[in-house]
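# Chain and residue survey
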Amino acid sequence: MLHAHLRKSVDPLADRLSRREDPLTSTVFERLSYLDAPLMWRLLRASTQPIPLISLAPDGWPDKPLEATPTWHLWPRWAPSPEGHNTRSVEPDAVCHWPGGPVIIFEAKHHGAQTAWQWREQLLAAQWAHKAAPEYWLVAVGGTAPAQDRARAKELADNLKGHADIRLFRLSWETLCEKIVQLQRSSLGGGTRAILHDLELGLCHFGRGPVEYMDSLLKHVPSEPINSAALNSWSPARGASPERGHAAELYPIPLLPSYSPNQDAMLALMEPLT
Amino acid sequence: MSPDNANPPDAFLQVRQAYRLIYAYQRRVRDLLQIIDEHIQGTGFSFKRWRPARSSPPSRSNNPFFSRGKWAWDMLPGYATRCMWTRSDGDGQRRRITVEIHADTGFEWDKEGREPEPGFFKKANKSESELSLILWTYRGEGQPDWIAALNRVRADGHWGSPEGHSVSLGESVYTYACHDVPLHELTGREAVNRLILKRITEWVGRSGEPSRV
């Protein structure tokens, strides 16, 4: 399915799909579930950041992978907890459950923001659905920001007093993609490499490729300095305008007295404020 | 290579190199704006609109971009881009965040209204590539008159000032602040957080007060 979308990436339908949350969730978490458990653990550990909770377990993602094989479910429908506000059901985006280990809930956002209310409902429902699990982790995927996450975590902790078995993490799609790109540089089997490659393609298709910052612009600077005057010898409309002084030599294309509708400096400054 | 010994093949080599570099720049501008947008929307603002800050937007597909009177600049909207987000706080307070990204602060308008010509710009090595974060708050009854507020800020000599500046127009009060950040300082996530996102968070947290970040 992913490759059908990629092949038609200029199709308006594919473009609309790339804006939707469920196809992104499905693309990523289906493929994460195909990875060997230790590698998947390593990838998630490298990509997530703990969100400190007040009065709840503040630990990060443990180093050592669990030995058992996890079970994945996308959009499981859980009965709401009696302590929760939902009356019908609770539906997290993805859940990874290690036998004898934590239940890990992934709440994914593509364009929207995370909410403490939704985290609370899902954690309470997880405790109700998996009563024997020793811990419940929630990974907020996308829609996070450090300042707001602190406020959300505080709200969550205030609402879940007495639940000391909870961990909270944030995961940015872009960081996940960066780690996937890095992982592909290591020595991997063909199947694993193909899954990681698909994950990277999928994340990029949904506009969640690695973030490039300004400091990496340097590597794109041409070795030869750019000489804007070089076009002088090509211009089909060559001819200096005497009144334009030195600039006429550098930019000899005669300028028509053209007027862009918004050329006036003040208008351009004011326009966004109207 | 000097202008004297340039020849057509060299010129197009330069054009190819320049476009590749501009793509790399534009990719980073896009990524930067995505980060800023997610942060701003997380504080309850909605994206309002964007537009090129120094020209008209590129023509629509059924309108030739090469018509007489159109500027070549219209096809370079990334040269200077302005994005705006708004929020109504419901108690007579409205806020606006404008982010402008200028690849080249050396830009100069043509005094006679012709298409701006880079030959007349300030020297590139004396100019900056810069992001401006402009923070506006309005408190009052009815629709704000942003243009009057802007004119007043300019008349008061505070245009471009990072110090929060308040102006009163009738019963309404506007506050304004502008933080200019050279793009070369935005080297990574930490710098973006410190120089942009943190300022927005602090400003949003100080309801109705001038920004003094």
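Up top is the structure.
The present account deals with the structure reproduced in this document. Remember, it's a predicted structure, so these values are computed and weren't measured experimentally.

## A closer look at the sheet that holds strand S4 (residues 130–139) of chain B
Residue and element names in this part refer to chain B. The six strands lie next to each other as S1-S2-S3-S4-S6-S5, forming an open sheet whose pairing is antiparallel. At either margin of the open sheet sits one strand with a lone partner, and together these are strand S1 (46–52) and strand S5 (165–169). Across the sheet, the mean angle separating the axes of adjacent strands is 20° when strand polarity is ignored. Looking at chain direction, S5 and strand S6 (residues 172–182) are connected through five bridges and run antiparallel. Across the sheet, serine 166 pairs through a bridge with threonine 175, a residue of S6. Sheet strands touched by helix H2 (residues 146–155): strand S3 (93–102), S4, S5 and S6. Its angle to S5, the strand with the most contacts, is close to 125°. Across the sheet, helix H3 (residues 189–205) lies against strand S2 (80–88), S3, S4 and S6, angled at about 5° from S4, the strand it touches most.

## With respect to the packing of aromatic side chains
The tally for this structure, following the rule as stated, stands at 25 aromatic pairs over all chains. Ring centres 5.5 Å apart and planes at 20° place the aromatic pair A:Trp72 and A:Phe106 in the stacked group. With a gap of 34 residues between them, A:Trp72 in strand S2 (residues 71–74) and A:Phe106 in strand S4 (residues 103–108) connect regions that are remote in the sequence. On the accessibility criterion, A:Phe106 (0% relative accessible area) is buried. One aromatic cluster in this structure is built from B:Trp136, B:Tyr138, B:Trp146, B:Trp159, B:Tyr174 and B:Tyr176. Over the aromatic face of B:Trp159 sits the side chain of B:Arg154, whose NZ or CZ is 5.5 Å from the ring centroid.

## Things to note about unusual backbone geometry
Residues and elements named next belong to chain A. Notably, tryptophan 75 is not glycine yet its phi reads approximately 45°, a positive angle. Note on placement: tryptophan 75 falls in the loop between S2 and strand S3 (94–97). Classification of tryptophan 75 as partly exposed rests on a relative accessible area of 26%.

Thresholds applied
The written sequence of each chain sets the order in which its residues are numbered from 1. Key to labels: chains lettered from A, ligands numbered from 1, both in the order written. Where totals are concerned, whole chains, interfaces and linings use all residues; where local detail is concerned, this predicted model gives features only for residues with pLDDT of at least 70, and gives and counts side-chain atom pairs only at 80 or more. Heavy atoms from the whole structure form the basis of all side-chain values; hydrogens and water molecules are not counted. Strands were regarded as paired on the criterion that DSSP finds at least two bridges between them. Numbering of helices and strands runs from the N terminus; a helix is a DSSP stretch of H or I covering at least four residues, while a strand is a stretch of E covering at least two. Lines fitted to the C-alpha atoms define the axes, with helices restricted to the stretch that makes contact. Angles between their N-to-C directions range from 0 to 180 degrees. Residue contacts follow a heavy-atom distance rule, with two residues in contact if any of their heavy atoms lie within 4.5 Å. The rule is short: rings of Phe, Tyr and Trp, with Trp giving its six-membered ring, pair when the centres are within 6.5 Å, and they are stacked under 30 degrees, edge-to-face over 60, tilted in between. Note on classification: 1.4 Å probe, protein chains only; a residue is buried when its accessible area is under 20% of the maximum for its type, exposed when over 50%, partly exposed between these limits. Two conditions define a charge located above a ring, namely a distance within 6 Å from the ring centre to NZ of Lys or CZ of Arg, and an angle within 35 degrees of the ring normal.

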